[in-house]
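Structural overview for review
The primary structure of each chain is shown beneath.
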Amino acid sequence: MTLPPLPDDAIVLRAHVDDWRAAVREAGRALTRSGSTRSEYADRMIAVIEEFGAYVVIAPGLALAHARPGPDVRREGLAVVTLAEPVPFGHPHNDPVRVVVGLAVSNAEEHVASVAQLANAFNDSGIVGRMARAESADEMRTLLGFDAEAGA
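Everything numeric here is computed off the predicted structure, so don't read it as measured data.

What follows covers the overall build of the chain. Check the secondary structure of the chain and you find five helices and five strands. For the chain, the sequential pattern of α-helices and β-strands runs β-α-α-β-β-β-β-α-α-α. Each of the 152 residues in the chain was classed as buried or not, and the buried ones make up 49%. Carbon and sulfur atoms form 51% of the exposed surface of the chain, whose accessible area is close to 7200 Å².

A separate point is the packing of aromatic side chains. One pass over the structure, following the stated rule, counts one aromatic pair. Judged by centre distance (5.8 Å) and plane angle (40 degrees), the rings of Trp20 and Phe89 are tilted. Here Trp20, found in helix H1 (residues 20–33), pairs with Phe89, found in the loop between strand E4 (77–87) and strand E5 (97–104); they are 69 residues apart in sequence, far enough to count as distant. When sorted by exposure, Trp20 lands in the same class as Phe89, which is buried.

Attention shifts here to helix H2 (residues 40–52). Counted at 1.5 Å a residue, the expected span for H2 with its 13 residues is 18 Å, and the 19 Å between its end C-alpha atoms agrees. Taken together, the buried positions of H2 are Tyr41, Ala42, Met45, Ile46, Val48 and Ile49. Projected down its long axis, H2 carries its buried residues within an arc of 150 degrees, all on one side. Next to the buried residues of H2 lie H1, strand E3 (62–66) and E5.

So, on to the side chain of Arg141. With respect to the helices and strands, Arg141 occurs in helix H5 (residues 137–143). From its side chain, Arg141 meets the backbone oxygen of Leu6 in a polar contact 2.8 Å long.

This next bit is on the pattern of salt bridges. In this structure the tally under the stated criterion is eight salt bridges. In this structure, Glu26 engages Arg29 in a salt bridge whose closest nitrogen and oxygen atoms are separated by 2.8 Å. Placement of the pair is Glu26 and Arg29 together in helix H1, with a separation of three residues, close to one helical turn. The class of Glu26 is buried, set by a relative accessible area of 14%. For Arg29, a relative accessible area of 39% gives the class partly exposed. Overlapping salt bridges bring together Asp8, Asp138 and Arg141 as one network.

With an omega of -10 degrees, the peptide bond between Asp95 and Pro96 qualifies as cis. By the secondary structure assignment, Pro96 is in the loop between E4 and E5. Of note in this structure, Arg14 is not a glycine but carries a positive phi near 55 degrees. Residue classification places Arg14 among the partly exposed residues on the basis of a relative accessible area of 35%.

The rules behind these values
- Residues numbered from 1 in each chain as written.
- Predicted model: local features only at pLDDT ≥ 70, side-chain atom pairs only at ≥ 80, totals over all residues.
- Heavy atoms only, no water.
- Helix = DSSP H or I, 4+ residues; strand = E, 2+ residues; numbered from the N terminus.
- Buried < 20%, exposed > 50% of the residue type's maximum accessible area, 1.4 Å probe, protein only.
- Areas by Shrake-Rupley, 256 points an atom, 1.4 Å probe, with all protein chains shown as cover.
- Phe/Tyr/Trp six-rings, centres within 6.5 Å; stacked < 30°, edge-to-face > 60°.
- Expected span 1.5 Å × (residues − 1).
- Arc of directions from axis to C-beta.
- Contact = heavy atoms within 4.5 Å.
- Polar contact = N/O pair within 3.5 Å; in protein donor to acceptor, adjacent residues only side chain to side chain.
- Salt bridge = Lys/Arg side-chain N within 4 Å of Asp/Glu carboxyl O.

Rendered as structure tokens:
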């Protein structure tokens, strides 16, 4: 199992958002632009956080926004959004968030495998800060361990 592709149109650098909902919606738009989801997926990601809380803030400054597989997922996908100004998600220890990773999967097995692989990338305690400072889509892919040909 490898991570879903991370094309240029699924990466947004220094987005200006007012709150966590807008940050998640930005990740949802990136997933939709890349062809992974339909626009309704962003609403489902927001609903998950509204229902279960800020558990998606998995490390200081990092949120992994996602929802269960559903008809609005066209294919598995990954998006990364860095924020111009961090926003609180309501997590007691890991707020505020500077980087939102959006994940869409089409079945439960992909979900578990993708989350596990992403977790490995975030074992490095400095990765979130480097992601937040990334200057290009290529730099973001390199930070996450993608091969050079994985983009564009």
